[in-house]
Amino acid sequence: MTQYSDYFGPEGLRVRGTVLVVPGRGETRSTYTRFGRRLAADAYRVRVIDAPDLDTEDLAALAARLSEAAEDTGADDGVVRPLVLVGADSGAAAVAALLDREPGVRPDAVVLAGLPGRSPGTAATAGSWDEELDVRTSCPAHRGALTEDPEVRRGSLDEAVPEAVLGAAYDSETAVPTLLLVGDADPLADHEALAQAAKSRAGARLSVVHGAHHDVLNDLQHRSAAAEVVTFLETVRNDLRPLVTVRSSAW
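Bear in mind the structure is a predicted one, so any value in this text is a computation, not a measurement.

A separate point is the pattern of salt bridges. This structure, assessed with the given rule, holds 16 salt bridges. Among the salt bridges present, the one from Glu 132 reaches Arg 136, with a minimum N-O distance of 3.5 Å. One end of the pair is Glu 132 and the other is Arg 136, both in helix H4 (residues 129–136) and 4 residues apart, which spans about a single turn. Judged on exposure class, the residue Glu 132 and its partner Arg 136 are both buried. With a closest N to O distance of 3.0 Å, Arg 143 and Asp 134 form a salt bridge.

This is how it looks when you write it as structure tokens:
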């Protein structure tokens, strides 16, 4: 039976939307406990699925898993929309590649966090666990969580994401509202390609988190990264019209 990690909002508050999180290479559902709790605190229904193994699971199978996961969150009135997919690393690549496919889960928006680059120079890390952690994050809490989780697969960032998936992710011209989230210290990112991908999507926004590494949702700046995601969720609820506009600022 498929298992999920679920996070619910405060009792008595109306659910504002449904968020499905797709982890990346080597990660487990527990990797996103902090992120899930933070979004749930703002009354979003959050469910984390198991990371896809893109060498053995095709995109159709992943789409079916996501559809099942979304349907199971629904109450008597069905899934609470907007339904937003959040993918990290290879999970981001898989989510992006799914957007031009039919049938399958139909998200109202997607968040692509730490989308890896396509070129060989962005595909590999160094060999030791400490070096892999340096690529992932500088957050002591997150480094500890990854190290202490026996189900985290060490060395997984050296496993290449299938080119067909990355190609579909970067070449998509989907109109689905998309937040591309990347750390400016992410050694696996291709920032030029991400900028081009954002320009090719009608409803895309590229947000760069200063000082963040590859695990952009879980680095030292995790509060600001989560706030950017929540801002995006609220904007999606408001038909992509920002709810806050800065008219004047001294900084």
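A few words on the sheet that holds strand E4 (residues 83–88). With mixed pairing, the 7 strands of this open sheet are ordered in space as E1-E3-E2-E4-E5-E6-E7. Looking along the sheet, the strands with just one partner apiece sit at the ends: strand E1 (5–7) and strand E7 (204–209). With direction set aside, neighbouring strand axes in the sheet form an average angle of 15 degrees. In terms of strand pairing, strand E2 (residues 17–22) meets strand E3 (residues 44–48) through 5 bridges, oriented parallel. Looking at the pairing, Thr 18 lines up with Arg 45 of E3. Sitting on the sheet, helix H1 (residues 33–41) touches E1, E2, E3 and E4, and the angle it makes with E3 is about 160 degrees. Running at roughly 135 degrees to E4, helix H3 (residues 90–98) makes contact with E2, E4 and strand E5 (109–113) of the sheet.

This next bit is on the packing of helix H2 (residues 59–73) against H3. At a minimum axis separation of 10 Å, H2 and H3 run at an interaxial angle of 90 degrees. By the angle between their axes, H2 is roughly perpendicular relative to H3. Residue-level contacts link Leu 59, Leu 62, Ala 63 and Leu 66 of H2 to Ala 94, Ala 97 and Leu 98 of H3. When grouped by side-chain class, the residues that make up the contact of H2 with H3 number 7 nonpolar, no polar and no charged.

Structurally, Arg 29 can be placed in the loop between E2 and H1. One polar contact links Arg 29 to Ser 5, side chain to side chain, over a distance of 3.0 Å. Side chain to side chain, Arg 29 and Asp 50 meet in a polar contact 2.7 Å long. For Arg 29, the residues in contact, after removing those within four places along its chain, are Gln 3, Tyr 4, Ser 5, Tyr 7, Val 48, Ile 49 and Asp 50.

With 15 residues, H2 should reach 21 Å at 1.5 Å per residue; the first-to-last C-alpha distance of 21 Å fits that figure. Of the surrounding secondary structure, the elements contacted by the buried residues of H2 are E2, E3, E4 and H3.

Between H1 and helix H8 (residues 222–237), whose axes approach to 10 Å, the crossing angle comes to 45 degrees. Of the possible angle classes, the one that applies to H1 and H8 is oblique. As for how H1 packs across H8, the hand of that crossing is right-handed. Taken together, the residues of H8 that come into contact with H1 (itself represented by Arg 34, Phe 35, Arg 38 and Leu 39) are His 222, Arg 223, Ala 226, Val 229, Val 230 and Leu 233. The residue makeup of the contact of H1 with H8, split by class, is 6 nonpolar, 1 polar and 3 charged.

With that settled, consider the pairing of strand E6 (residues 178–183). Burial of E6 is extensive: 6 of the 6 residues sit out of reach of the surface. Going residue by residue along E6, you find Thr 178, Leu 180 and Val 182 tucked away on one face and Leu 179, Leu 181 and Gly 183 tucked away on the opposite face as well. Where E5 meets E6, 4 bridges bridge the pair, whose relative direction is parallel. Each bridged residue has a counterpart across the sheet, and for Leu 112 the counterpart in E6 is Leu 180. In the classification by handedness, the crossover that spans E6, the intervening helix H7 (residues 191–200) and the parallel E7 is right-handed.

Reading the values: rules and limits
- Residues numbered from 1 in each chain as written.
- Predicted model: local features only at pLDDT ≥ 70, side-chain atom pairs only at ≥ 80, totals over all residues.
- Heavy atoms only, no water.
- Salt bridge = Lys/Arg side-chain N within 4 Å of Asp/Glu carboxyl O.
- Helix = DSSP H or I, 4+ residues; strand = E, 2+ residues; numbered from the N terminus.
- Buried < 20%, exposed > 50% of the residue type's maximum accessible area, 1.4 Å probe, protein only.
- Pairing = 2+ DSSP bridges.
- Axes fitted to C-alpha atoms, helices over the stretch in contact; angles between N-to-C directions.
- Contact = heavy atoms within 4.5 Å.
- Parallel < 35°, antiparallel > 145°, perpendicular 65-115°, else oblique.
- Nonpolar A, V, L, I, M, F, W, Y, C, P; charged D, E, K, R; others polar.
- Polar contact = N/O pair within 3.5 Å; in protein donor to acceptor, adjacent residues only side chain to side chain.
- Expected span 1.5 Å × (residues − 1).
- Left-handed = near helix turned anticlockwise from the far one by under 90°.
- Right-handed = clockwise from strand over helix to strand, strands pointing away.

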